[in-house]
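One letter stands for each residue in the lines below.
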Amino acid sequence: MPHPAQRRRPARDRILDAAAIRFYRDGIVATGIDSITADAGVAKMSLYNNFASKGALVEAYVDERHAQWLTLYTARAEGHEDDPRALILAVFDAYLDHAAEAFELGFRGCGQLNAAAELPIGDPGRNAVRRHKDEVESILRDAATRIDDAHGVELAEHLVFVLEGAMARAGLDGSPERMQRARSIAERLLADA
């Protein structure tokens, strides 16, 4: 049951927060609407007044994770707009920051990748994951082409593979150590660029 101060928050926010914890910790398929409404301290009708379906809630969850990551990235990138190498490392740092927030839930890796693994092709939630990953890749590509116009796209693709591979393995390991090592690899790639 939510704390009285939490009940004053809008029902939509409480539902989304409860879903985020459950989806990340237990998975989307394993999480029922009843557990989300109980954790949020709302009636089932309140959930459906705010989200047309569980699928709409999943999409909102993925979009919210993207917004959280983008906030972390923006904070890391602030003041480094003229340094494309720092902007690239800020991407890795933002993922590490996001991972640090997940420790209290039991670290399971990238919430977006976890969601995509559970959702069928064409699902709006899976499409939201793609939008997130495309934006991250675009950030890397823009910065990498500022470093090396001729090979920047290839450099960005290498960085994406390092980042995504590290996140997948970090999720399996239950530790962000591989993500920290991926950042070090990125530094070496950037030093050679």
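Procedures and definitions
Residues numbered from 1 in each chain as written. Predicted model: local features only at pLDDT ≥ 70, side-chain atom pairs only at ≥ 80, totals over all residues. Heavy atoms only, no water. Helix = DSSP H or I, 4+ residues; strand = E, 2+ residues; numbered from the N terminus. Buried < 20%, exposed > 50% of the residue type's maximum accessible area, 1.4 Å probe, protein only. Contact = heavy atoms within 4.5 Å. Areas by Shrake-Rupley, 256 points an atom, 1.4 Å probe, with all protein chains shown as cover. Lys, Arg positive; Asp, Glu negative; His and termini not counted. Charge placed at Lys NZ, Arg CZ, Asp CG, Glu CD. Phe/Tyr/Trp six-rings, centres within 6.5 Å; stacked < 30°, edge-to-face > 60°. Salt bridge = Lys/Arg side-chain N within 4 Å of Asp/Glu carboxyl O. Core = buried A, V, L, I, M, F, W, Y, C linked by side-chain atoms within 4.5 Å. Domains from an automatic or database assignment.

Check the secondary structure of the protein and you find 10 helices and zero strands. Secondary structure elements of the protein occur, N-terminal to C-terminal, as α-α-α-α-α-α-α-α-α-α. Relative to its full complement of 193 residues, the protein shows a buried share of 42%. Here the contacts in the protein between residues at least 6 apart in sequence split such that 67% fall between residues at least 24 apart. Entry remark: accessible area of the protein is about 9800 Å², with carbon and sulfur atoms responsible for 51%. Taken together, the 24 basic and 31 acidic charged side chains of the protein have centroids lying 7 Å from each other.

With that settled, consider the packing of aromatic side chains. Counted by the stated rule, this structure contains three aromatic pairs. For the ring pair Trp-69 and Tyr-73, a centre distance of 5.4 Å and an interplane angle of 10° mean the geometry is stacked. Placement of both Trp-69 and Tyr-73 in helix 5 (residues 54–77) is noted, with a separation of four residues, approximately one turn of the helix. Measuring from ring centre to ring centre gives 5.2 Å for Trp-69 and Tyr-95, while their planes differ by 45°; the resulting arrangement is tilted.

What follows covers the pattern of salt bridges. Inspection of the entire model under this criterion finds 14 salt bridges. Salt-bridge contacts for Asp-63 lead to Arg-131; the nearest nitrogen and oxygen are separated by 3.4 Å. Residue Asp-63 is located in helix 5, and its partner Arg-131 is located in helix 8 (residues 124–147); the two are separated by 68 residues in the primary sequence. The network of salt bridges with shared partners includes Arg-76, Asp-93, Asp-97, Arg-183 and Glu-187.

Turning next to the nonpolar core. Grouped together as the largest cluster of nonpolar side chains are 57 residues, with contacts concentrated most on Leu-57, Tyr-73, Ile-88, Val-91 and Met-179. Mapped by element, the contributors of at least two residues to this core are helix 2 (11–26), helix 3 (33–40), helix 5, helix 6 (84–102), helix 7 (111–118), helix 8, helix 9 (152–173) and helix 10 (177–192). The element that contributes the greatest number of residues to this core is helix 6, accounting for 10 residues. Two domains share this core, each providing at least three of its residues, namely domain 1 (9–51) and domain 2 (54–192). What Val-91 contacts, discounting residues up to four positions off in sequence, is Trp-69, Tyr-73, Val-136, Ile-139, Leu-140 and Leu-163.

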